[in-house]
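Summary of structural features
Spelled out from the first residue to the last, the chains are:
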Amino acid sequence: MIQYFKSDKPFALELGGTLPQLTIAYHTYGTLSPARDNVIWVCHALTANSDVADWWPHTVEKGAFLDPERYFVVCANILGSHYGTTGPLTPDPRSGEPLYGDFPAITIGDMARAHSLLADALGIGRIHKLVGSSVGGFQAMEWAAQAPGRFENLILIATDAKASPWAIAVDETQRMAIKSDATYGEKRADAAAAGLAAARAIGMLTYRGPEGYNRTQQDLPGASLSDLHRAVTYQRHQGEKLCNRYNAYSYVTILDAFDTHDIGRGRGGLQAALDTLTMPAIIVGITTDIIFTPAEMRLLASRLPNAKYYEIDSPMGHDGFLVEHVQLNKILTQK
């Protein structure tokens, strides 16, 4: 069940500006132990929500790495998102109207500080495992860099310590698609729907990659030349599906935050920041990921003081972390 934490205190933002108040939506699974030593905190990716059991199948169940019979699992919806935490569609208490495109710029650091605020409110000090995949990994690394003594173990899946030029270019291409929609900037929740659909279709290319598409979107035998290719209908379906559950302003807000990610900023550089993360870390790459390549993931593991590297063999690209739950659970439940 979704829960909400509300703070009436101003929340200052790294790039300037302040949110006059803050709401954080979150889910928990399992029971907090009397010693409060069984917490696993999950940081979610771009358009996910706080309900991990919904978007990460077969991970929040008995015997899996987020076993609710053993652990108290927490996931908070990220700042700027569409799913209950303060974002572009949240009514501004000063006007009563959402800010839409005027929502202030946020960073991954702001997201991490919001997580910390919630953890404090829940009475959670030490966190046994901090887990993040994709943009969730950005948050996990940033939070760990902000408070390295808080975390006993770090699990990073298909992510990196800094946004790469390639990933930023993909983000900008999606933003260009959204902002080319003439309705972008209009103060309504469904503004730039066509642009958002196009952006999602662009993003899907990088999430799945050529091997994933070529395995799953071949035209069926006997298809007519007049039929739309399966790859065409898939792209359209993915764009429409996102538009039915998300909004362009949150999407742009989080893409912009993605591009700010660099845990070395203000900490003496990337390696200096990584050197502070001395807790045991598990780094998981995916063989066909073209956003965070296996080579980049192995490099990240080599630069952390106490990390082990594992790799998921999957044709599904970056999305492999969402679908290869058998491999992932095997890696993350080993003794």
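Quick notes on the rules
Residues numbered from 1 in each chain as written. Predicted model: local features only at pLDDT ≥ 70, side-chain atom pairs only at ≥ 80, totals over all residues. Heavy atoms only, no water. Disulfide = S-S within 2.5 Å. Pairing = 2+ DSSP bridges. Helix = DSSP H or I, 4+ residues; strand = E, 2+ residues; numbered from the N terminus. Right-handed = clockwise from strand over helix to strand, strands pointing away. Buried < 20%, exposed > 50% of the residue type's maximum accessible area, 1.4 Å probe, protein only. Axes fitted to C-alpha atoms, helices over the stretch in contact; angles between N-to-C directions. Contact = heavy atoms within 4.5 Å. Phe/Tyr/Trp six-rings, centres within 6.5 Å; stacked < 30°, edge-to-face > 60°. Salt bridge = Lys/Arg side-chain N within 4 Å of Asp/Glu carboxyl O. Expected span 1.5 Å × (residues − 1). Arc of directions from axis to C-beta. Polar contact = N/O pair within 3.5 Å; in protein donor to acceptor, adjacent residues only side chain to side chain.

What the rule picks out here adds up to zero disulfides. Cys43 provides the cysteine sulfur closest to Cys75, a residue in no disulfide bond, and the two sulfurs are 7.3 Å apart.

Another point: the pairing of strand β10 (residues 307–312). Where strand β9 (residues 281–286) lies against β10, six bridges are found, and the strand directions are parallel. Bridging across to β10, Ile286 finds its partner in Ile312. As for the winding sense of the linkage, the β-α-β connection from β9 through helix α9 (residues 294–303) to β10 is right-handed.

Before going further, it helps to examine unusual backbone geometry. Not every positive phi belongs to a glycine, and His58 is a case in point at roughly 60 degrees. Relative to the helices and strands, His58 is located in the loop between α1 (52–55) and β6 (72–76). Overall, the relative accessible area of 39% leaves His58 in the partly exposed class.

A few words now on the sheet that holds strand β5 (residues 39–43). Taken together, eight strands build an open sheet; the order of strands is β1-β4-β6-β5-β7-β8-β9-β10 and the sheet is mixed. Every interior strand has two partners, whereas the edge strands, β1 (3–7) and β10, have only one. Direction aside, the axes of adjacent strands within the sheet are offset by 20 degrees on average. Pairing between strand β8 (residues 154–157) and β9: four bridges, direction parallel. Along β9, the bridge assignment pairs Ile155 with Ile282. Against the sheet, helix α3 (residues 135–146) contacts β5, β7 (129–133) and β8, and its axis sits at roughly 140 degrees relative to β7.

This part takes up the packing of aromatic side chains. Going through the model one piece at a time under the given rule, you end up with twelve aromatic pairs. Among the aromatic residues, those joined into a cluster by ring pairs are Trp55, Trp56, Phe65 and Phe321.

Tallying each qualifying case throughout the model produces 15 salt bridges. For Lys187, the salt bridge is made with Asp102, and the minimal N-O distance between the two is 2.8 Å. Of this pair, Lys187 sits in the loop between α4 (165–179) and α5 (193–216) while Asp102 is found in the loop between β6 and α2 (108–121), placing the two residues 85 residues apart along the sequence. By the burial criterion, Lys187 is exposed, and Asp102 matches it. What you see here is one network of salt bridges that share partners, running through Glu172, Arg175, Asp256 and Asp259.

If you check α4, its first and last C-alpha atoms are 20 Å apart, about what 15 residues at 1.5 Å a residue would give, namely 21 Å. Residues of α4 that are buried: Ala167, Val170, Asp171, Gln174, Arg175, Ala177 and Ile178. Relative to the axis of α4, the buried residues are bounded by an arc of 160 degrees and lie together on one face. Exposed side of α4, more than 90 degrees from the buried face: Pro165 and Met176 are the residues found there. Buried positions along α4 lie against α5 and α7 (248–259).

What follows concerns the side chain of Ser7. Locating Ser7 in the fold gives a position in strand β1. You can call Ser7 buried: its relative accessible area is 10%. Polar side-chain contacts of Ser7 include one of 3.2 Å to the backbone nitrogen of Lys9. Setting aside residues up to four positions removed in sequence, Ser7 forms contacts with Gln21, Leu22 and Leu117.

So, to be careful, I would describe these as geometric facts and stop short of saying anything about function.
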